[in-house]
Amino acid sequence: MDQINLKETKAISYEKAEIKKGYTDQSLRINLDAADIIINPIEEQIKNKFIGGKGYDLWLMWNAVSGDTKWDDPENAICISSGPLGGTPGYPGGGKSIVTSISPLTGAPIDSNVGGYFGPYKKFAGFDVIQIDGKAKQDTVIFIDGIENTIQIFEAENLPTDSYELSDVLTHHFDQDKPVNVSVVTAGPGAEHTFFGCLNFSWWDAGRKMVRYKQAGRGGIGTVFADKKVKAIVARYGAISMKANNPADFDALKLVTKTHAKEINELDPKQNRMALVGTTHLVPIMNDHDCLPVHNFKYGSHPESKVIGEEVYEHIFDKGFDGCWRGCAVACAHGVKDFSPFTGPYRGKKVFVDGPEYETVAGCGSNLGIFDAQTILEINFYCDAYGLDTISVGTSLGFVMECFENNLITLDNTGGMDLSFGSRFNALEIIHQMARGEGFGAIVGKGIRQMKKIFAKDFGADAAFMQDIGMESKGLEFSEYITKESLAQQGGYGLALKGPQHDEAWLIFLDMVHNFMPTFEDKAEALHWFPMFRTWFGLCGLCKLPWNDIVPEDNKNTPEPAKVAKHLGWYADFFSAVTGRKSGPDDLIAMSEGVYNFQRVFNLKMGYGTREHDTVPYRAVGPVTVEEYESRQKRYDEQLKEKYNLDISSMSSRDKVAALRQKREEQYEQLKNAVYERRGWTQNGIPTVATVKRLGIDFPEVMEVLKKNGVE
Amino acid sequence: MGLNNFLIEVDEKQVQWSENMTIASLLETLDNVEFCSVVRLNGKLVSSPKFTETIIMDNSKIQLLPLVAGG
Ligand code: SF4
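Residues take numbers from 1 onward in each chain, read along the sequence in its written order. Chains carry letters and ligands carry numbers; both start at the beginning, A for chains and 1 for ligands, and go up in the order they are written. Given that this is a predicted model, residues contribute local features only at a pLDDT of at least 70 and side-chain atom pairs are listed and counted only at 80 or more, while totals for whole chains, interfaces and linings are drawn from all residues. To get the side-chain values, take all heavy atoms of the structure and skip hydrogens and water.

Focus on the overall build of chain B
Turning to step 1, where the next piece is worked out: Under the scheme used here, helices are H or I runs from DSSP no shorter than 4 residues and strands are E runs no shorter than 2 residues, and both carry numbers assigned from the N terminus. For chain B, the count of helices and strands is one helix and five strands.
Turning to step 2, where the next piece is worked out: Counted from the first residue to the last, chain B has its helices and strands arranged as β-β-α-β-β-β.
Turning to step 3, where the next piece is worked out: Our radius of gyration looks at C-alpha atoms and nothing else; its globule reference is 2.2 Å times the residue count to the power 0.38. The C-alpha atoms of chain B give a radius of gyration of 12 Å, which matches the 11 Å a tight globule of 71 residues would have.
Turning to step 4, where the next piece is worked out: Projected onto its principal axes, the C-alpha positions of chain B cover 45 × 25 × 20 Å.
Turning to step 5, where the next piece is worked out: Buried, partly exposed and exposed residues are distinguished by accessible area as a fraction of the type maximum, computed with a 1.4 Å probe on protein chains only: under 20%, between the cut-offs, and over 50%, respectively. Expressed as a percentage of its 71 residues, the buried residues of chain B come to 45%.
Turning to step 6, where the next piece is worked out: Per-residue accessibility takes into account occlusion by the displayed protein chains alone, with areas from the Shrake-Rupley method and a 1.4 Å probe. On chain B, roughly 3900 Å² of surface is accessible, and the fraction owed to carbon and sulfur atoms is 50%.

Right under this line is the structure:
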C-alpha cells in the first residue's frame, strides 16, 4: 500500500568520512531555499571547545542566526547531533540525539535530548551534526543513506499526515527488507498548528516487528520543522558494532560497557524496576511527597493517583525489550499494544502507544484531574501522532482548566466546551482541535505565555492572577513537579537556560526531603554542579537515566550519594576509551561549563539571558490562593511562626498568603544572587569577561554580545 | 519460640523482626540510610511521609530504594 509519491529534486553522492575516536569531523548542511547539500569539516578548535552533541548544535546555530532571527525566519536552523560516545551499542543510554532550534515559545535556543536510532545512524553515515535551514516550497523528505553514501532531497506527495503512520510508511519505503536500518524523524499536523510541536525519532523494534518512536518534545522544534515544510528526515545505516565509533581503546570500552550494563541488569530489579515500569514508579512517590502536580500545580497529591501509577501501568505495558537504544539495559521505553482509542481518527482501531512516561501521566493526568489510565494513554497516543509535546499540552491545559473554573474564560470562549478539571472528552477534543488548527484548541496551542495575553485582551481575564498561575517561565511550560517546598528546585527550573525543564537539575528530594543544602551557598553549589554534569550527557550523545536512576549498592556510603561517584568514574573511562582524551570526572564538568556559558550568552544574543528572564510564576514558589494556603495550613503557619518569627495570631488567611509570598519571593531573589555568584556571572545574570576567558569561549562575537550588554 | 524465628529481609539480608516495627523504627537501626526516602515493602512502594505509620509484618521483604533522582 505504498502509494506515496517522492520526486527527487536534488541528490549527491559523497565519500563517507572515516570515523575516528567517535568523530567524523564533518557536518552536513541542507539549505532548503536553494536545495543545497553542503558538507563541511569541523575544525579541531571547535571540537575541543564544544565536544559534540549540543555543543556542536549550538555552535552551528550561533553562526546561522542573528540576534533578530525569529523562529519562523528562514535562517533559523534545526540542528541534530549525536556525540562522540553516541552509537555505542550495549552501553546503557548510549544512543541519544540532541536537537536544537530557536524556539517558537521562547525566542531563544531550545534543546531536546531524544532516543531512537537517528543520531547514531546519521553519524555513522558520515556526519557528527546536521543543520537544516531555509524553507522548502513543497513538502519535503530528506534521505541520508549511509549504506549507498548518497543524500537525496525529495518533493513529497500523498504522505500520511500523522507521525504514527508516516514513520511506518517511510521506514518500509526506504528499506523494505531491513527496516532496522532506518530511522525517521517526523512531526505531524499538531506541529503545524501549534507552537509546541515535537519531533518523533523512530527505531525498528525487532522483537515486535514494528516502528517505535521517542519524542524530542520541548520547545516547539517540531513546529519549526513543519514551518520549513519538512515532512521527514530519514537516515539509513547497516550493522553497528562496538567498533563502529573506532574507539581509541577498544578493550577499555568493552570493559566499561560490560561493567555498567551488568550492574543495571543486577540492580534495576531490586531498585526502581524501570525495565518493567519505566518512570511510572515516580507517580506514587511524588504523590506521597506532595510533589505530583494536581489541578494546575495547585496541589501535590490526590487519593485517586493510585490508579495512574506503576501498579496499573505495570500490567498494561506490553512485555518485551524496550530499549530506545540498541542493547540499553535500562530498557524503560515501554508501550501498550492493541490500544483502541475512543475518539479521533483512530477511533475503534488498534494502535500501539509509545508510553506513557511519568511526565505524560502527571501532566495529562493528575494535573488535569484526569485519573484514568486509558484516557492518559489516548492523550499520549494522539499527542505523539500529531507531533505535540505532552508536557506543554498538559501544563497548558491545566492552566486553561483553572482559568475556566475561575470564570476567567467561559463557555463562550471555549466553543461551548466545559473545561473543568477532569473533563476527559473535552481535553481530548482540544487536542484534536490543535491538530486541525481549529477552534479554541488553536488558541491553547499557542502556549501559556500567549494565552495569558489573549485571555486578558480578548476575554478581559485578570492578568495578574494568570501571571501567578500560568506555569511557564521564559515562555516554556513547566515540566511536572511541584516545587513549592524546594527553593533549590525553584532555581532548578527558573535558572535553567532553556526554560523550566528538569533536565538541568532535579534537586527536590535532596533539598526538601533530606535538607542536604540548607544555605543559599549550598543550593548555589548544587545549581552549579548538577546543570554542568547533566549538560555533559547532551554533549556526548547519551541518556542521563543510567547515571542516577540505578545506582551501585554501596553508593549510600559515599559522601555525596546524589553524584553517584562510581558512575562518574565510569563515564570518564567511557569518554577516555572512545575519544582517547584521558579524562577524569572533573574534566567532564569543565567540558560542560564552556558550552553551558556559551548557551547563556546565546540567550543574551537573542535578547534574553538576564536576571529578569529567570523569574518563575508564584504558583511554583508558594500558595497563590487562600484555598491553596488552607489546604496546607499547618505547614505554612508553622513556617511563618518558626522560620520567619511572625506573630500570626490576628492574621487572616489572606494576610498570611501575602506575608508568606513576600518572604518566599525574597528568598528566590537571594538564591539568584548566590547562583550567579557561583557561576561567575554578574548580578544581572551575565557571564563575566573573566568567566568566558577562563572557559576559553572568549570569541570576538561572544565579547561583542557581552559588551553590548554592558559587560566589559 | 526463639528470636530467630522472627525475621525480615532487608536488601537481601536477614534482620530481626519485632512487634510493632515500623519502617521508621527499622531505619533507625541501619547505617547510612539518611537518603532513603522510599522503600519497597513486599513489592509495594512506601514513601517517607508514611514511614512512621507503616507497620512491618513478620517475614516481610524490604528493599531500600536509592535517592530519588527525578525524571
Ligand atoms: S535509559 Fe530508557 S530512555 Fe534512556 S536510552 Fe535506555 S531505554 Fe532509552
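As for the interface of chain B and chain A
Turning to step 1, where the next piece is worked out: Only heavy atoms matter for contacts: two residues are in contact if any of them lie within 4.5 Å across the pair. Taken together, the contacts link 24 residues of chain B with 32 residues of chain A.
Turning to step 2, where the next piece is worked out: Interface area for chain B against chain A, summed over the two sides, is near 2300 Å², with a carbon-plus-sulfur share of 59%.
Turning to step 3, where the next piece is worked out: By convention in these notes, a salt bridge is any Lys or Arg side-chain nitrogen within 4 Å of a carboxyl oxygen on Asp or Glu. There are three salt bridges connecting chain B and chain A.
Turning to step 4, where the next piece is worked out: With a shortest N-O distance of 3.1 Å, R40 of chain B and E310 of chain A are connected by a salt bridge.
Turning to step 5, where the next piece is worked out: Identification of polar contacts relies on pairs of N or O atoms within 3.5 Å, with a donor-acceptor requirement for protein atoms, meaning one able to donate a hydrogen and the other able to accept it, and with residues adjacent in sequence counted only if both atoms are side-chain atoms. Where chain B meets chain A, there are six residue pairs in polar contact (both at pLDDT 80 or more).
Turning to step 6, where the next piece is worked out: Elements with a contribution of two residues or more to the side of chain B that touches chain A: β3 (38–41) and β4 (44–47) of chain B.
Turning to step 7, where the next piece is worked out: Here the side of chain B that touches chain A gets three residues from one element, more than from any other, and that element is β4 of chain B. Computed with a 1.4 Å rolling probe, the buried area is the accessible surface lost when two parts are put together, summed over both parts.

Structural notes on the nonpolar core
Turning to step 1, where the next piece is worked out: What is meant by a nonpolar core is a set of buried Ala, Val, Leu, Ile, Met, Phe, Trp, Tyr and Cys residues, joined one to another through side-chain atoms within 4.5 Å. Ranked by internal contacts, the top residues of the largest apolar core, which has 217 residues, are I144, I233, M286, F455, F533, W536 and Y571 of chain A.
Turning to step 2, where the next piece is worked out: The element that contributes the greatest number of residues to this core is helix α20 (residues 520–540) of chain A, accounting for eleven residues.
Turning to step 3, where the next piece is worked out: In this structure, I233 of chain A is in contact with I80, F118, I130, I132, I142, I144, S183, V184, V185 and F225 of chain A, ignoring residues within four places of it in sequence.
Turning to step 4, where the next piece is worked out: Ranked by size, the runner-up nonpolar core spans 17 residues in total, among them W17, I23, L41 and I62 of chain B.

Brief notes about the sheet that holds strand β10 (residues 182–186) of chain A
Residues and elements named next belong to chain A.
Turning to step 1, where the next piece is worked out: With mixed pairing, the seven strands of this open sheet are ordered in space as β1-β9-β8-β13-β10-β11-β12. A strand with exactly one partner marks an edge of an open sheet, and here the two such strands are β1 (5–13) and β12 (210–216). Neighbour-to-neighbour, the strand axes of this sheet turn through a mean angle of 20 degrees, independent of strand direction.
Turning to step 2, where the next piece is worked out: Paired strands, in this sense, are two strands between which DSSP finds at least two bridges. In the sheet, strand β8 (residues 140–145) pairs with strand β9 (residues 150–157) via six bridges, with the strands oriented antiparallel. Within β9, the position partnered with I142 by the bridge is I153. Axis lines are fitted to C-alpha atoms, over the contacting stretch for helices. Their N-to-C directions set the angle, which ranges from 0 to 180 degrees.

Remarks on α20 of chain A
All names here are of chain A.
Turning to step 1, where the next piece is worked out: With 21 residues, α20 should reach 30 Å at 1.5 Å per residue; the first-to-last C-alpha distance of 31 Å fits that figure.
Turning to step 2, where the next piece is worked out: Most of α20 is tucked away: 17 of the 21 residues are buried.
Turning to step 3, where the next piece is worked out: Among the residues trailing α20, G541 stands out with phi positive, at a value near 85 degrees. The length a helix should cover is 1.5 Å for every residue beyond the first.

A few points about the domain arrangement of chain A
All names here are of chain A.
Turning to step 1, where the next piece is worked out: You can read the domains of chain A as domain 1 (5–236), domain 2 (279–477) and domain 3 (487–550 + 584–708).
Turning to step 2, where the next piece is worked out: For every domain, the bounds stem from an assignment made automatically or drawn from a database. The C-alpha centroid of domain 3 is placed 31 Å from the C-alpha centroid of domain 1.
Turning to step 3, where the next piece is worked out: Every contact between the two is made by 37 residues of domain 1 and, on the other side, 28 residues of domain 3.
Turning to step 4, where the next piece is worked out: Taken over both partners, the interface formed by domain 1 and domain 3 buries close to 2800 Å², and the fraction arising from carbon and sulfur atoms is 67%.
Turning to step 5, where the next piece is worked out: Residue assignment for the side of domain 1 that touches domain 3 shows that the elements contributing at least two residues are α1 (44–50), α2 (53–64), β5 (97–102) and β6 (109–114).
Turning to step 6, where the next piece is worked out: Residue contributions to the side of domain 1 that touches domain 3 peak at eight residues, all from α2.
Turning to step 7, where the next piece is worked out: Only Asp, Glu, Lys and Arg are considered charged in this grouping, and only Ala, Val, Leu, Ile, Met, Phe, Trp, Tyr, Cys and Pro are considered nonpolar; every other residue, Gly among them, is considered polar. By residue class, the composition of the side of domain 1 that touches domain 3 is 15 nonpolar, 17 polar and five charged.

What to know about the pattern of salt bridges
All names here are of chain A.
Turning to step 1, where the next piece is worked out: Applying the stated criterion across every chain, the model contains 54 salt bridges over all chains.
Turning to step 2, where the next piece is worked out: A salt bridge links R611 to E669; the shortest N-O distance between them is 3.0 Å. Of this pair, R611 sits in the loop between α23 (585–605) and α24 (626–631) while E669 sits in helix α26 (residues 653–679), placing them 58 residues apart in sequence.
Turning to step 3, where the next piece is worked out: For R611, a relative accessible area of 16% puts it in the buried group.
Turning to step 4, where the next piece is worked out: A single network of salt bridges, built from pairs that share partners, joins D205, R208, R212, D318, D322, K337 and D354.

Observations regarding the packing of aromatic side chains
Residues and elements named next belong to chain A.
Turning to step 1, where the next piece is worked out: Any pair of Phe, Tyr and Trp rings, taking the six-membered ring for Trp, is counted once the centres come within 6.5 Å. Such a pair is stacked with planes under 30 degrees apart, edge-to-face with planes over 60 apart, and tilted for the rest. Inspection of the entire model under this criterion finds 54 aromatic pairs over all chains.
Turning to step 2, where the next piece is worked out: Aromatic rings pair up to connect Y91, W529, F530, F533, W536, F537, W547, Y571, F574 and F575 into one cluster.
Turning to step 3, where the next piece is worked out: In this scheme, the term charge over a ring applies when either NZ of a lysine or CZ of an arginine sits within 6 Å of the ring centre and within 35 degrees of the ring normal. A cation sits over an aromatic face here: R635 above Y636, 6.0 Å from the ring centre.

Quick look at the pairing of β6 of chain A
All names here are of chain A.
Turning to step 1, where the next piece is worked out: Burial within β6 is extensive, with five of its six residues counted as buried.
Turning to step 2, where the next piece is worked out: Bridging between β5 and β6 involves six bridges; their strand directions are antiparallel. Note that in β6 the partner of S97 across the bridge is V114.
Turning to step 3, where the next piece is worked out: Connecting β5 to the next strand, β6, in antiparallel fashion are six residues, including G107 with a positive phi near 75 degrees.

As for the environment of I316 of chain A
Residue and element names in this part refer to chain A.
Turning to step 1, where the next piece is worked out: Here I316 lies in helix α10 (residues 310–316).
Turning to step 2, where the next piece is worked out: A sequence separation of 298 residues divides I316 from D614, and the C-alpha atoms of the two residues are 40 Å apart.
Turning to step 3, where the next piece is worked out: In this structure, I316 is in contact with V336, A373, Q374 and L377, ignoring residues within four places of it in sequence.

Topic: the site of the ligand
Turning to step 1, where the next piece is worked out: If you check the shell around the ligand, you find G93, K96, K214, D322, G323, C324, C328, V330, A331, C332, C543 and L545 of chain A and nothing else.
Turning to step 2, where the next piece is worked out: Of the residues in the shell around the ligand, the class split is seven nonpolar, two polar and three charged. Being near a molecule or strand, for a residue, means having at least one of its heavy atoms within 4 Å of it.

A few points about the state of the cysteines
Turning to step 1, where the next piece is worked out: Disulfides are defined in this document as cysteine sulfur pairs within 2.5 Å. Counted according to the given criterion, the structure contains zero disulfides over all chains.
Turning to step 2, where the next piece is worked out: C291 of chain A carries a free sulfur, and the closest cysteine sulfur to it, the one in C36 of chain B, is 16 Å from it.
Turning to step 3, where the next piece is worked out: According to the relative accessible area criterion, C291 of chain A is buried, its value standing at 1%.

Here's the deal with the packing of α20 of chain A against α23 of chain A
Residues and elements named next belong to chain A.
Turning to step 1, where the next piece is worked out: Put simply, α20 and α23 touch, their axes get as near as 8 Å, and they point 90 degrees apart. Relative to α23, the element α20 is oriented roughly perpendicular. Contact residues: α20 offers H528, W529, P531, M532, F533, T535, W536 and L539, while α23 offers L588, I589, M591, S592, E593, V595 and Y596.
Turning to step 2, where the next piece is worked out: Of the residues that constitute the contact of α20 with α23, the class distribution is eleven nonpolar, three polar and one charged. If an angle is under 35 degrees, it is roughly parallel; if it is over 145, roughly antiparallel; if it lies from 65 to 115, roughly perpendicular; otherwise it is oblique.

Remarks on the sheet that holds strand β4 (residues 78–81) of chain A
Residues and elements named next belong to chain A.
Turning to step 1, where the next piece is worked out: The mixed open sheet is built from six strands, whose spatial order is β3-β2-β7-β4-β5-β6. The two strands at the open ends of the sheet, each matched to only one other strand, are β3 (36–41) and β6. When strand polarity is set aside, the average angle formed by the axes of neighbouring strands in this sheet is 15 degrees.

With respect to the pairing of strand β5 (residues 61–64) of chain B
Residues and elements named next belong to chain B.
Turning to step 1, where the next piece is worked out: By the alternation rule, side chains of β5 split into I62 and L64, which are all buried, and K61 and Q63, of which none is buried.
Turning to step 2, where the next piece is worked out: Sheet topology places strand β1 (residues 7–10) next to β5; two bridges connect them, and they run parallel. The residue bridging E9 from the neighbouring strand is K61, located in β5.
Turning to step 3, where the next piece is worked out: Pairing geometry for β3 and β5, over three bridges, is antiparallel. When the sheet's bridge partners are listed, R40 is paired in β5 with Q63.

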